[in-house]
Amino acid sequence: MSGLIIGKFMPPHQGHKYLVDFARNYCDKLTVMVCSIQQEPIEGKLRYEWMKESFPDVNVIHHTAEIPQEPKEHPDFWQIWHDAIYKMLPEGADYLFASEDYGIKLAEVLGMKYIPVTRDVISVSGTEIRSDPMGNWDYILPAAKPYFLKRVCIFGPESTGKTTIARNLALHFKTIAVPEYARGLLDLKGGKCDYEDIEHIARGQIASEDALARQANRILFCDTDILTTEIWSNILFGRCPQWIKDTKRDYDLYLLMDTNVPFVPDSQRYLPDSRQLSLERCVQELEKHNNS
């Protein structure tokens, strides 16, 4: 027997997980239809990807037709939805699973058996999550959490305490910090940085941040970013790969570290007498980045 769930999943949350888990335990084959229109606050393609990732064993399809969203919007509302659903799922389904009253009428229109799934088990809505994602953090499915995550970049010249600050903030807020990828890479070379390393440093920093975003608790603290990589590439080599210049990573907050702490030398710190110049470059790039 086959089943169908229709929803916006804006965003997917634990209530949706219960609905999907209930349905796939009830029937043999389940299809989840993610419905979206362009004017909605979260892009439909993202929601579709989140649901596919969250439920890889379910047939997830994406309905993007710009059709009425409520019966009052069109006199043929139910017929329009009937045709749209069967266009995407010609074989139909035996059951329609839903936790809202619209399911009764829609199941009748589609010729399916309506199976109600109570919302009382996990009482949360997408509207509540969008209004207060931090307060409802534990309800958001892991695939969608990076979208709502607050990102803080610890930014500035070398030897200004970025790593220490990032780690201490992560500890205080019970989350994690993204380390500086360059350090581990250059340790393998005795601290020496060549121009060919810049691209690997940038790609590694992005990959590390995106990977750890799945594990962070509400806030992700980043010990540097690829804007720093661009600055250092220009300082050390007078040039930087174009794709790095063209890549923009958005953060909710930059914490700019000053040079009013002692310089601590190590094999990866090159310019102890140029920290103020580096700080000025950081300020310039931040202002440029903010206005772009």
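Up top is the structure.
Before going into details, it helps to say that this report is about the structure given with it. (Residues numbered from 1 in each chain as written. Predicted model: local features only at pLDDT ≥ 70, side-chain atom pairs only at ≥ 80, totals over all residues. Heavy atoms only, no water.)

1. Describing the layout of surface pockets
A volume near 850 Å³ is recorded for the largest pocket. At the level of elements, strand S1 (2-7), helix H1 (14-26), helix H3 (77-88), strand S4 (95-98), helix H4 (102-110) and helix H5 (126-131) are the ones that each hand at least two residues to the lining of the largest pocket. No other element matches the 4 residues that H1 contributes to the lining of the largest pocket. Residue classes in the lining of the largest pocket are distributed as 18 nonpolar, 10 polar and 5 charged. (1 Å grid on protein atoms, 1.4 Å probe; cavity = no way out; pocket = protein on both sides within 12 Å on 5 of 7 lines; lining within 4 Å. Points joined across faces, edges and corners; volume = space filled by probe spheres on them. Helix = DSSP H or I, 4+ residues; strand = E, 2+ residues; numbered from the N terminus. Nonpolar A, V, L, I, M, F, W, Y, C, P; charged D, E, K, R; others polar.)

2. A look at the sheet that holds strand S8 (residues 219-223)
Spatially, 4 strands are ordered S7-S8-S6-S9 in an open sheet, and the strand pairing comes out parallel. Both edges of this open sheet fall to strand S7 (176-178) and strand S9 (253-256), since each of them pairs with a single strand only. In this sheet, neighbouring strand axes are inclined to one another by 25° on average, regardless of whether the strands run parallel or antiparallel. Note: strand S6 (residues 150-155) against S9, 4 bridges, orientation parallel. Across the sheet, residue Phe-155 finds its bridge partner in S9, namely Leu-256. In this fold helix H7 (residues 162-172) packs onto S6, S7, S8 and S9, with an angle of close to 165° to the strand it touches most, S8. Contacting S6, S7 and S8, helix H9 (residues 195-212) crosses the sheet at an angle of about 165° to S7. (Pairing = 2+ DSSP bridges. Axes fitted to C-alpha atoms, helices over the stretch in contact; angles between N-to-C directions. Contact = heavy atoms within 4.5 Å.)

3. Quick look at the sheet that holds strand S2 (residues 29-35)
Judged by pairing direction, the sheet is parallel, and its 5 strands sit side by side in the order S3-S2-S1-S4-S5 without closing on themselves. Edge positions in the sheet fall to strand S3 (59-63) and strand S5 (113-116), since each has one partner strand and no second. Between one strand and the next, the sheet's axes are offset by a mean angle of 25°, whatever the strand orientation. Note: S1 against S2, 6 bridges, orientation parallel. For Leu-4, the partnering residue across the bridge sits in S2 and is Thr-31. Along the sheet, helix H2 (residues 44-54) contacts S2 and S3; its crossing angle with S3, the most-contacted strand, is approximately 175°. The sheet contacts of H4 involve S1, S4 and S5, and relative to S4 the element is tilted by about 165°.

4. Description of the pairing of S4
The alternating pattern of S4 places Tyr-95 and Phe-97 on one face and Leu-96 and Ala-98 on the opposite face, and all of these are buried. Judged from the 3 bridges that link them, S1 and S4 form a sheet pairing that is parallel. Residue Ile-5 lies in a different strand from S4, and its bridge partner there is Phe-97. (Buried < 20%, exposed > 50% of the residue type's maximum accessible area, 1.4 Å probe, protein only.)

5. Overview of the environment of Val-109
Position of Val-109 among the secondary structure elements: in helix H4. Assessed through its relative accessible area of 22%, Val-109 is described here as partly exposed. For the pair Val-109 and Val-32, spaced 77 residues apart in the sequence, the C-alpha separation amounts to 18 Å. Discounting chain neighbours no more than four positions away, the residues touching Val-109 are Trp-78 and His-82.

6. Section: the nonpolar core
Ile-140, Phe-148, Leu-149, Phe-155 and Leu-220 are the most contacted members of the largest nonpolar core, which totals 24 residues. Elements represented by at least two residues in this core include exactly S6, S8, helix H10 (226-237) and helix H12 (275-291). Excluding residues that lie within four positions of it along the chain, Phe-155 makes contacts with Lys-162, Asp-225, Leu-227, Thr-228, Ile-231, Tyr-254, Leu-255, Leu-256, Met-257, Cys-282 and Leu-286. Judged by nonpolar contacts, the second largest core, of 19 residues, contains Met-33, Trp-81, Leu-96 and Ala-98. (Core = buried A, V, L, I, M, F, W, Y, C linked by side-chain atoms within 4.5 Å.)

7. Describing the environment of Lys-45
In this structure, Lys-45 sits in helix H2. For Lys-45, a relative accessible area of 46% puts it in the partly exposed group. Each C-alpha atom, one on Lys-45 and one on Ile-201, is 30 Å from the other, the two residues being 156 residues apart in sequence.

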